[in-house]
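Fold and contact review
Residue-level listing of the chains:
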Amino acid sequence: MKYCYACGTKLSSKECEGEGLIPYCDSCQVFRFPIFNTAISTAILNQERSKVLLLQQNNRKDYSLLAGYVNQGEAAEEALVREVKEEVGLHVDEYKYMRSRYFERTNTLMLNFVSVVHNVADMQINEEVDHAEWFTFAEARKIIMKNSLAESFLLSILEQVEAGDLGRLIPN
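This write-up is about the structure you can find in this document. (Residues numbered from 1 in each chain as written. Predicted model: local features only at pLDDT ≥ 70, side-chain atom pairs only at ≥ 80, totals over all residues. Heavy atoms only, no water.)

What about the overall build of the protein chain?
The test is simple: Helix and strand definitions follow DSSP, with helices as H or I runs of at least four residues and strands as E runs of at least two, each counted in order from the N terminus. By definition in these notes, contact holds between two residues if any of their heavy atoms fall within 4.5 Å. All accessibility values rest on the Shrake-Rupley procedure with a 1.4 Å probe; residue burial counts only the protein chains present in the view.
Each helix and strand counted, the protein chain has 3 helices and 10 strands in total. The order of α-helices and β-strands along the protein chain, N terminus first, is β-β-β-β-β-β-α-β-β-β-α-α-β. Relative to all contacts within the protein chain whose residues are 6 or more apart in sequence, the contacts with residues 24 or more apart total 62%. Of the roughly 9,900 Å² of accessible surface on the protein chain, 47% is carried by carbon and sulfur atoms.

See below:
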């Protein structure tokens with residue numbers, strides 16, 4: 001961040017007690033901590049944990065994980081449940097937070113979850129999704145968007161599921 005988001009003045013760096021050098025607006029006389037978006041992404045597994053749901057969106061041929069922004073005042077877990085219901089009409093029965101990574105292209109902190117749905121027959125995609133399909137883990141590894149954050153998240157989750165090392169999921 002180079003300019004104050006309130007007044008447009010070029011920011012300088014100033015020592016903020018306990019925080020180090022932080023962007024500072026001399027005009028507003030306040031520290032301007034970085035602002036970024038927060039979003040969730042999830043690998044949705046069927047109840048047997050043998051298949052994963054991948055999506056195509058925005059007229060792209062690549063498959064990706066379901067993802068969506070966290071609304072102001074909303075917990076990441078609430079966003080997870082809401083986004084899965086909105087985009088594919090499924091109820092998240094269990095979930096687990098996995099890890100986060102910053103996605104520079106959209107200035108977004110991505111919070112990755114694994115989720116399990118029990119009633120896959122209820123799937124109804126909304127207008128944000130072009131296509132959604134259940135894939136075996138081997139198929140998913142082949143068709144997930146290569147060199148993407150989604151691929152990184154998915155491969156990590158699949159390794160843990162296949163090793164029986166996923167741990168306990170939280171019931172919803």
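A short note on a nonpolar patch on the surface
For the record, the criterion: Residues form patches when they are more than 30% accessible in relative terms and have no salt bridge. Like charges link within 9 Å. Nonpolar side chains (Val, Leu, Ile, Met, Phe, Trp, Tyr) link within 5 Å. Criterion for a salt bridge: a side-chain nitrogen of Lys or Arg within 4 Å of a carboxyl oxygen of Asp or Glu.
The grouping of M1, Y5 and I35 at the surface amounts to a nonpolar patch, some 320 Å² of accessible area in total. Within the secondary structure layout, Y5 lies in the segment before β1 (12-16).

Considerations on the packing of aromatic side chains
For clarity, the threshold we go by: Side-chain rings of Phe, Tyr and Trp, where Trp is taken by its six-membered ring, are said to pair if the distance between their centres is within 6.5 Å; with planes under 30 degrees apart they count as stacked, over 60 as edge-to-face, and otherwise as tilted. Think of it in three bands: residues with accessible area under 20% of the maximum for their type are buried, residues over 50% are exposed, and the middle band is partly exposed, with areas taken using a 1.4 Å probe on protein chains only.
Going through the model one piece at a time under the given rule, you end up with 4 aromatic pairs. With a centroid separation of 5.0 Å and 70° between ring planes, the pair formed by Y24 and F31 is classed as edge-to-face. Centroid distance Y95 to F113: 6.2 Å. Interplanar angle 70°. Geometry classified as edge-to-face. Of this pair, Y95 sits in strand β7 (residues 94-103) while F113 sits in strand β8 (residues 108-116), placing them 18 residues apart in sequence. The same class applies to Y95 and to F113, which are both buried.

Thoughts on the pattern of salt bridges
This structure, assessed with the given rule, holds 6 salt bridges. Across the pair R82 and E83 runs a salt bridge, and its minimum N-O distance is 2.9 Å. Of the two residues examined, R82 and E83, each falls in the buried class. We note a salt bridge from R82 to E86, for which the minimum N-O separation is 3.3 Å.

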